[in-house]
Every structure is written in C-alpha cells, then in structure tokens.
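Structural overview
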Amino acid sequence: MSETAENLYRALVVERARRPLHAGEVEAADGAADGSNPLCGDRVHVTLRRGDDSRLAEIRHATRGCAICIASADLMAESATGLDDAGLSALWHRFEALLRDGEAGLGREDGAALGLLNAFADLHEYRSRRKCATLPWSALLAAAGTGEGS
Amino acid sequence: MNALTMPVPDLSAYRADFPILSETVRGKALVFLDSAASAQKPNQVIDAMTHAMRHQYANVHRGLHWMSERTSDAYEGVRDKVAALLNASSRDEIVFTGSSTNAINLVAHSYGSLLRPGQAVLVSEMEHHANIVPWQMLRDRSGIALRVAKVTDAGEIDLDSLRAELADGKVGLVSVTHMSNVLGTITPAAEIAAIAHAAGAKVMFDGSQAAVHQPVDVQALDADFYVFTGHKLYGPTGIGVLWARRAILEAMPPFLGGGDMIGSVSFERSLWAEVPHKFEAGTPAIIETIGLGAAIDYVSAIGLDAIRAHESDLTGYALERLQAIEGLTVMGHARARGGVISFSIAGAHAHDIATLLDQNGIAVRAGAHCAEPLMKRFGLTSTARASFALYTTRTEIDVLAETLDRVRSFLV
C-alpha cells in the first residue's frame, strides 16, 4: 500500500481483523454489553467472566465492523484480561490518550502499559476513525460496569 | 442530438477552472471522487461571489439606494436563470431555499398541511433521508400515511409497486428521487408523473443529483414540484431551489414567517406577498444565490447534454474497471444511470477502503449515504461510493481502480 497506510494498518491490526483470537461469546457471562455506531452500522457485543478474585478472567467479542474496530476489540480483549476494575480503567485512559495525542502524548510508563495497543498509535491523525477503535471499549466498560467509556 | 447520441466531448480543459483540483492530499495529487456529496467550485463561481462582496452588495428588495437596487437585480436575475435551467413556465415558480432539504421540508409543511388524515404521501425505497424524514414528521403531526414503493434488485423503482400503492386513490403526493445518490439510477420521471397523475396525486422530484448531471425540463416531465441544491451544481452551499406550478404555490400557505414574505403587517392580521416571495422569509442568501447564478451560467455554457455524455462515458468505463477487481460488487445495475457508483469488496469494510484510498489522495464517500432504508433493502450496512463530475477524468478512474486492487490485496 503506502508507508502511511502501513503505519495506520499495522500488520498486527490487519492480522487480528482477518483472524481475531478472542472472537465469540463467554458462556455464563458475568457481564455483557453492546456498542454500536449508527453512522457506519458497526456493532460490538462484549461478554466477560470474572475470576474468584473478581479480575477479568475471560473477555470475548462478537464484532461486525471495519478492520480497526475488529482489531481493537481483539487487542482490547487480550490486553484487559487479568486486570481488575482499577487496572481496566487505567488502561482505558491510556488508550484514550494514545488515540487523542498519539505516542507523543504518553510517558514511557504509559507506552509500556499499552503493550499491543500501541498498534493504534497513528490513529490520532484520523479523527473520523477514532470511534472505530473506541466502540469495543465502550462495550467492555459497560459490561464491566465501570460507568466509563460512554 | 442528445447526450445519448452525441460523441463523447472532451471536457478536460475545464479542470483548470477548479483551483482545488491542483491541491495535494497526503502528498498525492487530489483525486476527488466525492462530487455527489458536494461538488468543487470553479473560479467563475468563486469570482462572482467575491465580486459581489467587494463591489456590489446590499440587502435586496428593501433599499431605495443604488447598491440595493443593483444587488436586487443581480439576485432576481438568478431566478430567471433557474427558470431557464428547468424550463419553468414562469420565473414566479422559482422559490429560493437554503438547500434541497429545506425545499422538501417547505413542501412537507406547507403543501403537507393541505393533506387530510386518510391521505398518504408515497416515496420509494431509494430515497435520501431528506425525502423520508420530513414526510415521517408530517405523518406524525397530521395523521397522513407514509407509503413506500419498492425498489427492484436492479436498483430501479418498481413501477408495479408504485401503481399498487396509488391504486386506492388516497395518495395526495408522490415524492421520489430523479437520480439516486447511492445507486446512480436515473428514475423514469415522466412515466412516474403520468402514473401519479392518473391516480389523482401530485408529484415531486428530488433533483439534487439529477439536475447536476443532465438537462431537466419540468414541463416535459409534467412534474408538480422539483427541488435541487446549489452546492452539488458547482455552486455554493446555503442555496437551494424549489420549483412548483404557480397554481399550487398560490394555494399553499406560507412556511416561515418574517420579512420579505409579507404584503402588509398589523397586530391583527398580516397579508402575504405574492409567490414566490411568500415562501422567502427573511434576508435571503444573497451572495450564495449570485454564486448559484454563476454556476448555472457555467454549466449552461458547457452544456448539460455534454456533461451527461462525458459522465456517461466515465461511468461505463468505471463500471468496466471496477467490476474487473476481484471480490468487488457494484450495488445496483439500473439501465439508466448517472455518475455515481456504490460498491463493496468482499472481506473489506467500506470505511477501511475509504481510509486507504484517502491515503493515496483519493476522496470517496463511505457509509450508508443518508439512505439507510435502501442499504437495508440490499442487505448492506455500508458501501464505498465514487461519484463523478464534469472535471473527472479517465485517468482518475484508472488511479481509483489500481489503488482499489492494492487495497483489496492489503486488507483481504
């Protein structure tokens, strides 16, 4: 494609959009919520299970959407598994900052904490596409009952 | 000779009239294939508007001074240009509005108030939201019914369905597009008008797309209402047109109240101005109207027949190039179509396609195109759409096709 396209659609994003690793639905879920974008018709259904320590033990998503949306849902599920609610909230705020300001707006600690989610670092230059990446998060935060992300 | 028989004209020299076409986007030459959303503006329009603001501007219809009189002349002169463009029988049948949407809302409020519960408005499945929602709002406040004529798999209005919806004689108004902003389908307006009239209904055409791509003759169509907008016709935003038969306009109550639409005002009672001013409350979009006049002069000088022939050639070429791309499906295949092509690529979302095209300087639209019911009819949530204008070239179609091929390989 082009250098800028490959920055936005990094190999990890394209790969997860083609073959998500966390697609599906958690059976006997402890939480579930939907996210939808009426402008493009994209929809995300997130289900989650908590462990005995109330941490997020399993997260699954059923996503009908663009590559950014599917990959974001998948990398979100992977990154948020194992976190408690405070950790989920902290990760969401870092991700939000990444989408708003790019890597330049983050400290070294933030970059390390975001891990795989850094794949979306260039999305801040595409304002009209940010919602594609945040849609799964609004569903996850609703499913987890954190009262954030709407 | 008409657009269907004339040789393909070479309009490439006109590209130089559009300064924005020499811009670059993300380091690439701009390939602007989103003219159906809003067309770019030629110098002639830009200059006419800035000339008015620099040299000849005052409020219209009010002043007794030189500037106001001259500005009024320029403003009212555009009414004559629009009347000629549509072959209206009188300049008094031309109402300036803010847009096509405003024009349809005007009709829905004003003419709609003359409809009675039990009557219906009939639209088609291929309408823009602007020709659906005002009628739903009318339905909800006045108790009329909203009916919908089906669209065939080819993307044409199903005339049997249209006739069936009209059969009980309760439809007061048929309001359909003259050219789909999604499918590119040019509807058989004269035939639809005849069918509507035979059932006792009036007929309105949404010409937002059609008036840009072909000559329109409201008398030959036997239409009752026709609307279009300036910004798709290479003119500015903020100016649209409602044409309606004079007798209908005279029977309609005013829409908005204010200055310019009155004959006299007292606290007991006000009298309305004659048509078309009865429907033009407040200071109008003077500069924009002058810009629309320049746009009409511009396309008229080129010739809408020539523009149609050019775009028809481009559309045929684009269909050929795009359909050769693996996994690409064009939405609709109407027999009569203009320069709008919606498409999807198996395994690639329309927004990803649009973003990747944008990376290469190519502007297309992606989404539901303000026509969600039509998308649902075709089982789609979004498509990408390329649309053509008088300044579009075959080379740009080549760039689109080659880039789409790479986009597909990248995403799928």
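Small disclaimer: the values here were computed from a predicted structure and weren't measured.

Every contact between the two is made by 21 residues of chain B and, on the other side, 21 residues of chain A. Where chain B abuts chain A, roughly 1600 Å² becomes buried across the two surfaces, and 54% of that area is made up of carbon and sulfur atoms. If you sort the residues of chain B by the area they bury against chain A, Asp 352, Gln 359 and Phe 410 of chain B come out on top, with a joint share of 34%. Where chain B touches chain A, the interface holds 1 salt bridge. Of the charged contacts, one joins Asp 352 of chain B and Arg 129 of chain A as a salt bridge, the two residues approaching to 2.8 Å between their closest N and O atoms. At the boundary of chain B and chain A, one finds 10 residue pairs in polar contact (both at pLDDT 80 or more). Sorting the residues of the side of chain B that touches chain A by element identifies helix H12 (350-359) and helix H14 (394-411) of chain B as the ones contributing at least two each. A per-element tally of the side of chain B that touches chain A places H14 of chain B first, with 6 residues.

The next point concerns the domain arrangement of chain B. Residues and elements named next belong to chain B. Domain parsing of chain B yields domain 1 (12-32 + 304-411) and domain 2 (46-300). Carbon and sulfur atoms make up 58% of the area that domain 1 and domain 2 hide from each other, which totals about 2700 Å². Among the residues of domain 1 in contact with domain 2, Leu 304, Leu 374 and Arg 377 are the three that bury the most area, contributing 25% of the side total. Applying the counting rule to domain 1 against domain 2 returns 3 salt bridges.

The subject of this paragraph is the pairing of strand E4 (residues 94-97) of chain B. Residues and elements named next belong to chain B. Burial along E4 is two-sided: Ile 94 and Phe 96 and Val 95 and Thr 97, pointing in opposite directions, are all buried. Bridge count between E4 and strand E10 (residues 240-244): 4 bridges; the pairing is antiparallel. Within the sheet, the bridge partner assigned to Ile 94 lies in E10 and is Trp 243.

For soluble globular proteins, the rule of thumb is that nonpolar side chains tend to be buried together. Residues and elements named next belong to chain B. Judged by nonpolar contacts, the single largest core of 81 residues is most densely connected at Val 82, Leu 86, Val 174, Tyr 226, Leu 292 and Leu 390. Here this core gets 10 residues from one element, more than from any other, and that element is helix H10 (residues 286-302). Mapping this core onto the domain boundaries places at least three of its residues in each of domain 1 (12-32 + 304-411) and domain 2 (46-300). Ignoring sequence-local partners within four residues, the contact set of Leu 292 consists of Val 78, Val 82, Phe 96, Phe 228, Gly 230, Leu 233, Pro 236, Ile 239 and Val 241.

Procedures and definitions
- Residues numbered from 1 in each chain as written.
- Chains lettered and ligands numbered in written order.
- Predicted model: local features only at pLDDT ≥ 70, side-chain atom pairs only at ≥ 80, totals over all residues.
- Heavy atoms only, no water.
- Contact = heavy atoms within 4.5 Å.
- Buried area = accessible area lost by both parts, 1.4 Å probe.
- Salt bridge = Lys/Arg side-chain N within 4 Å of Asp/Glu carboxyl O.
- Polar contact = N/O pair within 3.5 Å; in protein donor to acceptor, adjacent residues only side chain to side chain.
- Helix = DSSP H or I, 4+ residues; strand = E, 2+ residues; numbered from the N terminus.
- Domains from an automatic or database assignment.
- Buried < 20%, exposed > 50% of the residue type's maximum accessible area, 1.4 Å probe, protein only.
- Pairing = 2+ DSSP bridges.
- Core = buried A, V, L, I, M, F, W, Y, C linked by side-chain atoms within 4.5 Å.

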